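Remarks on the overall topology
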Amino acid sequence: MSSATQSLPIEISSLCKAYGSVKALDDVSLNIAAGEFLTLLGPSGSGKTTLLMALAGFSRPDSGSIRFGDQEVIATPPHKRGLGMVFQSYALFPFMTVAENVAYPLKIRGVSKSDQKTHAERALDTVQLGGYGDRRITQLSGGQRQRVALARAMVFEPQIILMDEPLSALDKQLREHMQIELKALHQKLDATVVYVTHDQREALTMSDRIAVVNHGRIEQVETPERLYRQPSSFFVADFVGESVSLPVKVANDTAQLGERALKSDSPIAQGSGGHRLVIRPELLEVTSGAVPETANDLSGHVHDIIYQGDSVLVIVQHDSAGQINVRVPANRAGQTGLPSKGERIGLALHPEDTIIVPEHAS
Amino acid sequence: MEQVGQRKIDGLWLTVVGIAVLFFLILPTLIVIPMSFSGASFLEFPPTSFSFRWYTAYLTSPEWMSATRTSLIAAILTTLIATPLGSLCAYGLHCSAPRIRNAAQILVIMPIVVPVILIAVGVFSLYAKLGLNYTLAGVVIAHTALALPFVIVTVMSGLQNYDFDQELAARSLGASRAYALWTVTVPQVKFSIQTGAFLAFITSLDEVVISMLVSGGDNATITRRMFNSLRDQLDPTIAAISTCLIVVSVVALVGVQLIGRSKNVDK
């Protein structure tokens, strides 16, 4: 695509929207950089779709401000916001051909018939559907329909593209393939992308940054890696990635698991409702001998070993704190010296992997 | 074997009941057709002689022609008003919150549920104040009110099978709401709108009760005139007119079906 357009930053401040007594958006503020791929991640009913609909202009917030670049758009109707939007249901027009679908936004903009044709063809090429223009929508597979929807949303070179769970109707393999393709496509387009999903893995795979949404509030906005390794609340830690958590006591900036003080590299975040130690199963190290002094000792007895193909999940009964899951690669290196059921297992949790989070972010 | 036999008997029952229902539903309608070709000067069945004289009588009578014209104009105007109005109403209800939609739906169905004679009396009294009795406008307004629920119900059911995200998509792509409605939504509920239009046309054309009270003089509808004629003299002209009305209805119905089928083939 030509680079005549430039992506726009989005500035959301103090956005509120209530349905009766339910706060769908509770004082949401968020800055999205120009050209960024930002994902709104959250469980269903968290408010992420409401936020996207507010950006699109289909849902009118009760208060707050949305700016695209330096333009306030809160009162701008959807068709004047210049957005490309991709829906979960694809929302293709079944009575039009593929090319007519893709050319629809161009037709509205008064682009000449011949330009419509070339632009639509180029957009279809971009999503690897060159030559599909004359097909009917009903002749396409789910993945192809999704590509047409993408082509239609970007053919007029919008500065912002919104996507509402665009891959959730596809099967797992195709979905993973499309995630990587979408990410590559984003790098080609000069557009800010706001992507909504409830699939944390999808969010981690595709995003520049992820905003975790819960109960109409944004819990944390971070890059995928930092979100995963330094969650700000138990909700984020629990929702993103696999984990087991144990309650800990915090006093004088030190967390205590049972009687033992935990060593952690990162400062303990403030919050309410007590603290929890979050253990990612793949971050625990199985030690053959004693756990080194520098690490936290989480040793226990092997309760069960579950084979899961690419890895083995070992369920460990910790001496005092309860059950812990450990993930070990299913290759020979991982399996060498792995104790069998009932035997003692040495587990080291290194300070840089020790995640201690408040139950609720402050 | 026993089960197969049982199924055969069930099938037989179904056939018998089905034929009986068709017999009582359709035969009284069809019986007027042979009667209309009778040569006798009174209604007789089966007819003993054949002639076109009652068709000639109908087509050459200025009163009958005037009434036919009134009815056709009223039916066409009713269709032209009730179809867009009812379709927009259905669209509005479809977009409303469920609570409002359910309440409004009851209100909208009212004209079908309330006995027509009550509506007729109400309309007559209201028109007396407004000076609309015995006017074409009066007939059209009353018929539009009667026809609206049919349009609304058929279009709403059409919208239910339509993925509304498509209209949102169109709007996000730059179409104003009206343009999105016209270019994306309407083409996909076209068949429902056509069916609604057909029902509106027939509702007006067949309407007797309100027309009895509200229409009259030069603006008497054909149903009103037929009713009066039945009361005063039993004339086979009625049978000829009925036959013509049946033909109009069937042609309209077949037309709607054909349009619908060509649309499905297109898909």
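Residues numbered from 1 in each chain as written. Chains lettered and ligands numbered in written order. Predicted model: local features only at pLDDT ≥ 70, side-chain atom pairs only at ≥ 80, totals over all residues. Heavy atoms only, no water.

Focus: the overall build of chain A
For chain A, the helix and strand inventory stands at 9 helices and 21 strands. Across its three principal directions, the C-alpha atoms of chain A cover 75 × 45 × 35 Å. Taken over 362 residues, chain A has a buried fraction of 50%. Counting only carbon and sulfur atoms, one obtains 48% of the accessible surface of chain A, whose full area is about 16500 Å². Between the averaged position of the 35 positive side-chain charges in chain A and that of its 41 negative side-chain charges there is a distance of 7 Å. (Helix = DSSP H or I, 4+ residues; strand = E, 2+ residues; numbered from the N terminus. Buried < 20%, exposed > 50% of the residue type's maximum accessible area, 1.4 Å probe, protein only. Areas by Shrake-Rupley, 256 points an atom, 1.4 Å probe, with all protein chains shown as cover. Lys, Arg positive; Asp, Glu negative; His and termini not counted. Charge placed at Lys NZ, Arg CZ, Asp CG, Glu CD.)

Looking at the sheet that holds strand 2 (residues 22-32) of chain A
Residues and elements named next belong to chain A. One open sheet accounts for 4 strands, arranged 2-1-4-5; its pairing is antiparallel. Where the open sheet ends on each side, the last strands, each with one partner, are strand 2 and strand 5 (71-72). Sheet analysis places strand 1 (residues 10-19) next to strand 2, joined by 7 bridges and oriented antiparallel. Bridge assignment links Ala18 to a residue of strand 2, and that residue is Lys23. Its contacts with the sheet put helix 1 (residues 48-56) on strand 1, strand 2 and strand 4 (63-68), and the angle it makes with strand 1 is roughly 120 degrees. (Pairing = 2+ DSSP bridges. Contact = heavy atoms within 4.5 Å. Axes fitted to C-alpha atoms, helices over the stretch in contact; angles between N-to-C directions.)

Topic: the packing of helix 5 (residues 98-113) of chain B against helix 7 (residues 136-160) of chain B
All names here are of chain B. Running from N to C, helix 5 and helix 7 point in directions that differ by 135 degrees, and their axes come no closer than 7 Å. As the angle between them shows, helix 5 and helix 7 are arranged oblique. Here the hand of the crossing between helix 5 and helix 7 comes out left-handed. Counted together, Arg101, Gln105, Val108, Ile109, Pro111 and Ile112 of helix 5 and Ala145, Leu146, Pro149, Phe150, Ile152, Val153 and Met156 of helix 7 form the full contact between these two elements. (Parallel < 35°, antiparallel > 145°, perpendicular 65-115°, else oblique. Left-handed = near helix turned anticlockwise from the far one by under 90°.)

A look at the pattern of salt bridges
All names here are of chain A. Within this structure, the stated rule accounts for 13 salt bridges over all chains. For the salt bridge of Arg209 with Glu36, the shortest nitrogen-to-oxygen distance reads 2.4 Å. Taken as a pair, Arg209 in strand 9 (residues 209-214) and Glu36 in the loop between strand 2 and strand 3 (37-41) lie far apart in primary sequence, 173 residues in all. Among the residues examined, Arg209 registers a relative accessible area of 23% and is labelled partly exposed. Given a relative accessible area of 8%, Glu36 falls into the buried group. Of the charged contacts in the structure, one is a salt bridge between Arg147 and Glu181, with a shortest N-O distance of 2.8 Å. With Arg147 in helix 4 (residues 142-154) and Glu181 in helix 5 (residues 172-188), this residue pair connects regions lying 34 residues apart in the sequence. (Salt bridge = Lys/Arg side-chain N within 4 Å of Asp/Glu carboxyl O.)

A look at the interface of chain A and chain B
Listed by partner, the interface residues are 23 residues for chain A and 20 residues for chain B. A buried area of about 1800 Å², summed over both sides, lies between chain A and chain B, and 64% of it is on carbon and sulfur atoms. In this structure, the connection of chain A to chain B is made through 0 salt bridges. On inspection of chain A and its partner chain B, the count reaches 5 residue pairs in polar contact (both at pLDDT 80 or more). No other element matches the 4 residues that helix 2 (residues 98-108) of chain A contributes to the side of chain A that touches chain B. (Buried area = accessible area lost by both parts, 1.4 Å probe. Polar contact = N/O pair within 3.5 Å; in protein donor to acceptor, adjacent residues only side chain to side chain.)

Focus: empty space enclosed by the protein
Residue and element names in this part refer to chain A. On inspection of all chains with the given rule, the structure shows 1 cavity of 30 Å³ or more. Taken together, Phe37, Leu150, Ile161, Met163, Leu182, Leu185, His186, Leu189 and Val193 make up the full set of residues lining the largest cavity. Listing elements by their share of the lining of the largest cavity, those giving two or more residues are strand 7 (160-164) and helix 5. Counting residues per element, the lining of the largest cavity draws most heavily on helix 5, which supplies 3 residues. By residue class, the composition of the lining of the largest cavity is 8 nonpolar, 1 polar and no charged. (1 Å grid on protein atoms, 1.4 Å probe; cavity = no way out; pocket = protein on both sides within 12 Å on 5 of 7 lines; lining within 4 Å. Points joined across faces, edges and corners; volume = space filled by probe spheres on them. Nonpolar A, V, L, I, M, F, W, Y, C, P; charged D, E, K, R; others polar.)

A look at the sheet that holds strand 10 (residues 217-222) of chain A
Residue and element names in this part refer to chain A. The 6 strands lie next to each other as 6-7-8-3-9-10, forming an open sheet whose pairing is mixed. Each having just a single partner strand, strand 6 (83-86) and strand 10 make up the two edges of the open sheet. Taken over all neighbouring pairs, the strand axes of this sheet differ in orientation by 15 degrees on average, direction set aside. Relative to the sheet, helix 1 contacts strand 3, strand 6, strand 7, strand 8 (192-197) and strand 9, its axis offset from that of strand 7 by approximately 145 degrees.

Some remarks on the domain arrangement of chain A
Residues and elements named next belong to chain A. Partitioning chain A into structural domains gives domain 1 (10-228) and domain 2 (236-361). Inter-centroid distance (C-alpha atoms) of domain 1 to domain 2 is 38 Å. Contact residues are listed per partner, giving 11 residues for domain 1 and 8 residues for domain 2. For the pair domain 1 and domain 2, the two sides together bury roughly 840 Å², of which 67% comes from carbon and sulfur. Three residues stand out in domain 1 for area buried against domain 2, namely Gln200, Glu219 and Tyr228, and they jointly supply 60% of the buried area on that side. Between domain 1 and domain 2 we count 3 residue pairs in polar contact (both at pLDDT 80 or more) in total. Elements represented by at least two residues in the side of domain 1 that touches domain 2 include exactly helix 6 (200-206), strand 10 and helix 7 (224-229). (Domains from an automatic or database assignment.)

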